[in-house]
Amino acid sequence: MSFLKTLVSPRGAVFLLLVILLAAVIILNPNFAEPGQIMRYIQRVAPVAIVAIGQYFVIVAGEFDLSQGSLITAQVIVAGNLVGEDDSRTVPVLCLMIVLGLFVGVVNGLLTTLLKVPSFIVTLGMMLALLGLVLWWTGGAATGNPADSFRQIGRGGIRDIPLIDFLPWSVLVLAAWLALGTWITKRPLGKLLIAIGDNARATRYSGARDWWITTQAFMISSLSATVSAVLLVGYAGVHPSVGRGYEFIAITAVVLGGVVLGGGRGWIVAAVAGAFVLEALFLLLNIAGVPSSLRDAVQGFIIIAAVAYSGLIFRSRRRGSAPTASPDSGKRPDAPDGAEASASPALATEGITEN
């Protein structure tokens, strides 16, 4: 019974949906079941899944990052124009891309937390600024051609492996990035991000530097976009359209994974599974002959449906488990006068409560 409840929960539904979609794809295209085709599928999903990991940390803290797609485009153009055919520039340019990604994340985080500007507005402005700079630099046309050693990060891999024959580097990068993200969620930073999304005021009263914690979430998001850009240079080439719209795809994947918009609840593995669901759905639509121009419409319906479903589930759970409330909503039913409500559940698990 508990297993069935897990499957229909916002966390578990994404895995059930993934199995159903992959089964439908295999029925329509039996060749998809071959191990090599599965690896190619994961290789295509890897850039989106990595961006979704970064978006997870921002959304679980109650914010948004709309600058990911434009940052990917900017990083792709930087790599394409600065690396050139000189292999010796690969490492310096990679370091420059990391610095640029961290800078964008810090700016987004500080403007959001210190100046109290909504992250939706801040990152929307950053998205337009980066996109404008890219169009000014390139004139809207493809430009630059990085060395093959740089492009091999996204298109290369380990060959002559039994059964699967080819293991792309991007699959290994995705596995490493997911492992790092999962480790962060187990650390104080990950738990505090959830606490901020659940109850920012309680987190602040506990002594945590909420502005710096949230800024780190934006930095992780920008680094994820940078890693995705490195893979896309090899997989999709160098063009101002590369990365366009990835921020909305990432948000859709995270919402599909049951992460609550507004923060406080979510599982990073389910967010990654959401990216795989999207790719499987688009693949199924392509096999069925549905025009690719309808992708945005499908994506919009998915966001609406996933948010509505998640909201209904959590609202029903709150009604079923809510204690009898005191008329004074800021206090516990048995709290004495002047006592504040306890800290968020995420902080309580860490043994941190308000004074």
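Rules of the game
- Residues numbered from 1 in each chain as written.
- Predicted model: local features only at pLDDT ≥ 70, side-chain atom pairs only at ≥ 80, totals over all residues.
- Heavy atoms only, no water.
- Helix = DSSP H or I, 4+ residues; strand = E, 2+ residues; numbered from the N terminus.
- Buried < 20%, exposed > 50% of the residue type's maximum accessible area, 1.4 Å probe, protein only.
- Areas by Shrake-Rupley, 256 points an atom, 1.4 Å probe, with all protein chains shown as cover.
- Salt bridge = Lys/Arg side-chain N within 4 Å of Asp/Glu carboxyl O.
- Core = buried A, V, L, I, M, F, W, Y, C linked by side-chain atoms within 4.5 Å.
- Contact = heavy atoms within 4.5 Å.
- Axes fitted to C-alpha atoms, helices over the stretch in contact; angles between N-to-C directions.
- Parallel < 35°, antiparallel > 145°, perpendicular 65-115°, else oblique.
- Nonpolar A, V, L, I, M, F, W, Y, C, P; charged D, E, K, R; others polar.
- Pairing = 2+ DSSP bridges.
- Arc of directions from axis to C-beta.
- Patch = residues over 30% accessible without salt bridge, like charges linked within 9 Å, V, L, I, M, F, W, Y side chains within 5 Å.
- Expected span 1.5 Å × (residues − 1).

Novice: Honestly, the overall build of the protein chain in this entry has me stumped. Any pointers?
Specialist: The secondary structure content of the protein chain amounts to 15 helices and two strands. Counting only residues that meet the buried cut, the protein chain has 47% of its 355 residues in that class. As displayed, the protein chain offers around 17000 Å² of accessible surface, 65% of which is attributable to carbon and sulfur atoms.

Novice: How should I be thinking about the pattern of salt bridges in this particular structure?
Specialist: A side chain of one charge can pair with a side chain of the opposite charge when the charged atoms of the two come close. Summed over the entire model, instances satisfying the criterion amount to two salt bridges. In this structure, Arg-44 engages Glu-279 in a salt bridge whose closest nitrogen and oxygen atoms are separated by 3.4 Å. Of the two residues, Arg-44 is situated in helix 3 (residues 35-60) and Glu-279 in helix 13 (residues 268-287); the sequence distance between them amounts to 235 residues. Overall, Arg-44 belongs to the partly exposed group, its relative accessible area being 26%. For the salt bridge of Asp-210 with Arg-204, the shortest nitrogen-to-oxygen distance reads 3.2 Å.

Novice: Honestly, the nonpolar core in this entry has me stumped. Any pointers?
Specialist: Side chains of a nonpolar character, in soluble globular proteins, are inclined to be buried together. Judged by nonpolar contacts, the single largest core of 89 residues is most densely connected at Tyr-56 and Phe-57. Broken down by element, the residue count for this core peaks at 16 residues, all from helix 3. Setting aside its immediate chain neighbours within four residues, Phe-57 contacts Gly-181, Ile-184, Thr-185, Leu-193, Ala-217, Ile-220 and Ile-268.

Novice: Before we go on, may I ask you to explain the packing of helix 3 against helix 11 (residues 210-236) in this structure?
Specialist: To describe two helices that pack against each other, one gives the angle between their axes and the distance between the axes. For the pair helix 3 and helix 11, interaxial distance at closest approach is 7 Å and the crossing angle is 170°. Judged by the angle between their axes, helix 3 and helix 11 are roughly antiparallel. Packed against helix 3, whose contacting residues are Gln-43, Arg-44, Ala-46, Pro-47, Ile-50, Val-51, Ile-53, Gly-54, Gln-55, Phe-57 and Val-58, the element helix 11 presents Ala-217, Phe-218, Ile-220, Ser-221, Ser-224, Ala-225, Val-227, Ser-228, Leu-231, Leu-232 and Tyr-235 at the interface. Looking at the contact of helix 3 with helix 11 residue by residue, the classes come out as 15 nonpolar, six polar and one charged.

Novice: I would appreciate a short explanation of the pairing of strand 1 (residues 157-161) in the present structure.
Specialist: Regular strands place their side chains on alternate faces of the sheet. Summarising the sheet, strand 1 and strand 2 (residues 165-168) pair through four bridges and their orientation is antiparallel. Within the sheet, the bridge partner assigned to Gly-157 lies in strand 2 and is Pro-168. Between strand 1 and strand 2, which pair antiparallel one after the other, the connecting turn spans three residues, and Leu-163 there sits at a positive phi close to 75°.

Novice: What exactly am I supposed to notice about helix 7 (residues 148-155) here?
Specialist: Side chains three or four residues apart in an α-helix point the same way, a direct result of the helix having 3.6 residues per turn. Residues of helix 7 that are buried include every one of Phe-150, Arg-151 and Gly-154, and no others. Looking down the long axis of helix 7, one finds its buried residues gathered within 90° of arc, a one-sided arrangement. Buried residues in helix 7 make contact with helix 3, helix 4 (68-82), helix 5 (90-113), helix 8 (169-186) and helix 11.

Novice: Before we go on, may I ask you to explain the packing of helix 4 against helix 12 (residues 246-256) in this structure?
Specialist: Interaxial distance between helix 4 and helix 12 falls to 6 Å at its minimum, and their mutual angle equals 135°. Here helix 4 lies oblique to helix 12, going by the angle between them. Together, Gln-68, Gly-69, Ser-70 and Ile-72 of helix 4 and Tyr-246, Glu-247 and Ala-250 of helix 12 make up the contact between the two elements. Tallied by class, residues from the contact of helix 4 with helix 12 come to three nonpolar, three polar and one charged.

Novice: I keep staring at unusual backbone geometry and nothing clicks. Help me out?
Specialist: With the exception of glycine, the majority of residues adopt a negative phi angle, and the majority of peptide bonds are in the trans configuration. Despite not being glycine, Asp-160 has its phi angle at roughly 60°, a positive value. Residue position: Asp-160 is located in strand 1. With phi around 75°, Leu-163 is a residue other than glycine that occupies positive phi space. Mapping Leu-163 onto the fold places it in the loop between strand 1 and strand 2. What makes Leu-163 exposed here is its relative accessible area of 75%.

Novice: Just to check I follow, could you spell out a nonpolar patch on the surface for this structure?
Specialist: On the surface, a nonpolar cluster with roughly 580 Å² of combined accessible area is contributed by Leu-82, Leu-96, Leu-133, Trp-136 and Trp-137. It is helix 6 (residues 119-138) that contributes the most residues to the nonpolar patch, three residues altogether. Examined against the element boundaries, Trp-136 turns out to sit in helix 6. Given the relative accessible area of 71%, Trp-136 is considered exposed.

Novice: Would you explain helix 4 in this entry?
Specialist: For helix 4, which comprises 15 residues, the first-to-last C-alpha distance of 21 Å matches the rise-based estimate of 21 Å (1.5 Å per residue) to within 8%. Where burial is concerned, most of helix 4 is hidden: 13 out of the 15 residues are buried. The first or second residue beyond helix 4 is Gly-84, which carries a positive phi of 60°.

That is the geometry; function is a separate question.
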